[in-house]
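# Fold and geometry: a report
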Amino acid sequence: MAEGGSGGNQPPREPPRNLQGLLQMAVTAGTAEHAPVEPMSEERRQWLQEAIVEAFQGQQDEVEQMKECLRLLDVEVATPGAEHRESAEEAHFCKLDGMRLVVHRYLEHEEKELRWRSAHLVGTCAQNVPQVQEQALALGCMRKLLRLLDNDPSEAVRIKALFAISCLVRAQEAGLLQFLRLDGFSVLMRAMQSNVQKLKVKSAFLLQNLLINHPEQKETLCSMGMVQQLVALVRSEHSTFHEYVVGALCSLVTDFPQAMRECQEPELALEELLKERCQLLKDQEEFQEELEFCETLLRICFHSPPDENSMDR
């Protein structure tokens, strides 16, 4: 090395920038003529330590860079006035294999921030854009999102996974079919039974939305014992979450006698529960929607003849 210094005590002019460079330096040094072993100078020791730290910093740099990229993508899509260009940008994102990278590399990354940002990006890009929804589903996104919703230790990841799932199943037949095939309703019910209030509310809201838009799924839900599980949730300590649970029950019994009959089972004691809830809520303005749902359930299940079980009565 012309400028390496006598005896090799001076560092090379260009230190390695990554692991490959460090490996190449080691190979070169190992094939050079053996020189007498001399104690390593403090200057060279410091340089070597810095080179190793820099080489092994690459993975962490990648994580931080990806976090920033996901953050900027979220900001770009959410920018006011950007609606007219969203579909085109999201299509380009997919054409450039952006969705593949996010789903395969970052959606289940060990860093929780990368997981929740990736899930949020999937949902944001897929929302109301069939082309993006189809690619995300083809990449196996639904299975991974349901796994995150069911098992991830991070509340933020679970909430964002649910958001992405909702964007893939609403107004998307292929997404709903995958959701059903992967037992998505069971995952949704477990989310409603969690201790995370925001997750419970959003899960119940999605269930209600699916019941309204896909009434053909009511039989499947009844066969899963959904009526009994929803009533059990109504019996839990009262919170704003109950509005969505009772709303889902209303949607389930509307024009579906099987669910209505299950609500009438004496062991559930639902009529008494609903009357007590009405008394609790009648003077509380913030719970008026839940009160209306309770009154509707009472009317449908306990005071209307079977052929008039409509929420419009």
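Above this text sits the structure in question.
Residues numbered from 1 in each chain as written. Predicted model: local features only at pLDDT ≥ 70, side-chain atom pairs only at ≥ 80, totals over all residues. Heavy atoms only, no water.

## Some points on the packing of aromatic side chains
How two aromatic rings sit relative to each other is given by the distance of their centres and the angle of their planes. This model, assessed by the stated rule, comprises two aromatic pairs. Considering the side-chain rings of phenylalanine 179 and phenylalanine 185, the 5.3 Å spacing of their centres and the 85° angle between planes classify their relative orientation as edge-to-face. The class of phenylalanine 185 is buried, set by a relative accessible area of 3%. (Phe/Tyr/Trp six-rings, centres within 6.5 Å; stacked < 30°, edge-to-face > 60°. Buried < 20%, exposed > 50% of the residue type's maximum accessible area, 1.4 Å probe, protein only.)

## Considerations on the pattern of salt bridges
Under the counting rule described, the total for this entry stands at six salt bridges. With a shortest N-O distance of 2.9 Å, arginine 147 and glutamate 108 are connected by a salt bridge. Of this pair, arginine 147 sits in helix H8 (residues 141–151) while glutamate 108 sits in the loop between helix H5 (98–106) and helix H6 (112–126), placing them 39 residues apart in sequence. Looking at arginine 147, the relative accessible area reads 37%, which means it is partly exposed. Overall, the relative accessible area of 36% leaves glutamate 108 in the partly exposed class. Across the pair arginine 190 and aspartate 150 runs a salt bridge, and its minimum N-O distance is 2.8 Å. (Salt bridge = Lys/Arg side-chain N within 4 Å of Asp/Glu carboxyl O. Helix = DSSP H or I, 4+ residues; strand = E, 2+ residues; numbered from the N terminus.)

## A word on helix H9 (residues 155–169)
Since there are 3.6 residues in each turn of an α-helix, residues three or four apart along the chain are aligned in direction. Between its first and last C-alpha atoms H9 spans 21 Å; for 15 residues at 1.5 Å apiece the expected length is 21 Å, and the two agree. In terms of burial, H9 is a largely internal element, 11 of the 15 residues being buried. Listed in full, the buried residues belonging to H9 are Val157, Arg158, Ile159, Ala161, Leu162, Ala164, Ile165, Ser166, Cys167, Leu168 and Val169. Those residues of H9 that are buried are in contact with H6, helix H7 (130–138), H8, helix H10 (173–181), helix H11 (184–192) and helix H12 (197–213). N-cap assignment for H9: the residue whose side-chain oxygen lies 3.4 Å from the backbone N of alanine 156 is serine 154. (Expected span 1.5 Å × (residues − 1). Contact = heavy atoms within 4.5 Å. Polar contact = N/O pair within 3.5 Å; in protein donor to acceptor, adjacent residues only side chain to side chain.)

## Side note on the nonpolar core
Counting 78 residues, the largest nonpolar core has Leu145, Phe179, Met192, Leu207, Leu230 and Leu252 as the members making the most contacts within it. Per element, the largest residue contribution to this core is eight residues, and it comes from H9. In this view, leucine 207 contacts Phe185, Leu188, Met192, Leu221, Met226, Leu230 and Ala248; residues no more than four positions away in its chain are not counted. (Core = buried A, V, L, I, M, F, W, Y, C linked by side-chain atoms within 4.5 Å.)

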